[in-house]
Amino acid sequence: MKKEGDQKTPRGKFKFTLLLYRKDRNHNFHSKIKKKIISKNMGWCDDPNSNYYNKLIKFPFKYSAEKLYLKKNIYDFILVLDFNMKPIRKGAGSAIFFHLANKNFKDTKGCIATRKKDFLKILSKVSKKTRLIIN
């Protein structure tokens, strides 16, 4: 993922605000939180010069943004964390997600990633009251 500066995984207590998922690759799962299908033109703005910084966007987009519809499967499921959302501080970090890991668990540059089978177990227990504590 592209991040400003030398972004690391943030520490703190976070809510899951939204589940984004690839409908063409995922059918049998359960979610108690709001969900949205990832379309080919979806992205997440990581450009502090944009008014859409750290928000879901649609391409074409004139600022820098992370593509969410990928060939690789790491974004087949994305749980969006409420990091840097209320209020949004431009340049303080964006696109901090809990998503699927690469086969070799390659560094995520700020996100948290796990195997799909573990993600689905966790997802089945996540609700609006769930908090993720990172220390």
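Preceding this paragraph is the structure being described.
The structure displayed is predicted, hence computed values, not measured ones.

Thresholds, definitions, all that
Residues numbered from 1 in each chain as written. Predicted model: local features only at pLDDT ≥ 70, side-chain atom pairs only at ≥ 80, totals over all residues. Heavy atoms only, no water. Helix = DSSP H or I, 4+ residues; strand = E, 2+ residues; numbered from the N terminus. Rg over C-alpha atoms; globule rule 2.2 N^0.38 Å. Buried < 20%, exposed > 50% of the residue type's maximum accessible area, 1.4 Å probe, protein only. Phe/Tyr/Trp six-rings, centres within 6.5 Å; stacked < 30°, edge-to-face > 60°. Lys NZ or Arg CZ within 6 Å of the ring centre and 35° of its normal.

Caption draft 1: Looking closely at the overall build of the protein chain. A tally of helices and strands in the protein chain yields 1 helix and 9 strands. Helices and strands appear in the protein chain in the N-to-C order β-β-β-β-β-β-β-β-α-β. Here the C-alpha atoms of the protein chain give a radius of gyration of 14 Å, agreeing with the 14 Å that 2.2 N^0.38 yields for 135 residues. When the backbone C-alpha atoms are referred to their principal axes, the protein chain occupies close to 40 × 35 × 30 Å. Here the protein chain holds 135 residues, and the buried ones make up 44% of them.

Caption draft 2: Summary view of unusual backbone geometry. Cis geometry is found at the peptide bond from Phe-59 to Pro-60, where omega equals 0°. Among the secondary structure elements, Pro-60 is positioned in the loop between strand 4 (56-58) and strand 5 (65-67). Along the chain, Lys-86 connects to Pro-87 via a cis peptide bond; the corresponding omega equals 0°. Relative to the helices and strands, Pro-87 resides in the loop between strand 6 (77-81) and strand 7 (97-100). The backbone of Asn-54 shows a phi angle near 60°, a positive value even though the residue is not glycine. Here Asn-54 is to be found in the loop between strand 3 (42-45) and strand 4.

Caption draft 3: Quick peek at the packing of aromatic side chains. Applying the stated criterion across every chain yields a total of 10 aromatic pairs. Considering the side-chain rings of Tyr-52 and Phe-61, the 6.2 Å spacing of their centres and the 75° angle between planes classify their relative orientation as edge-to-face. Ring pairs connect the aromatic residues Phe-16, Tyr-21, Phe-29, Phe-77, Phe-98 and Phe-119, which therefore count as one cluster. One Lys or Arg, Arg-22, reaches over the ring of Tyr-69 and ends 3.6 Å from the middle of that ring.

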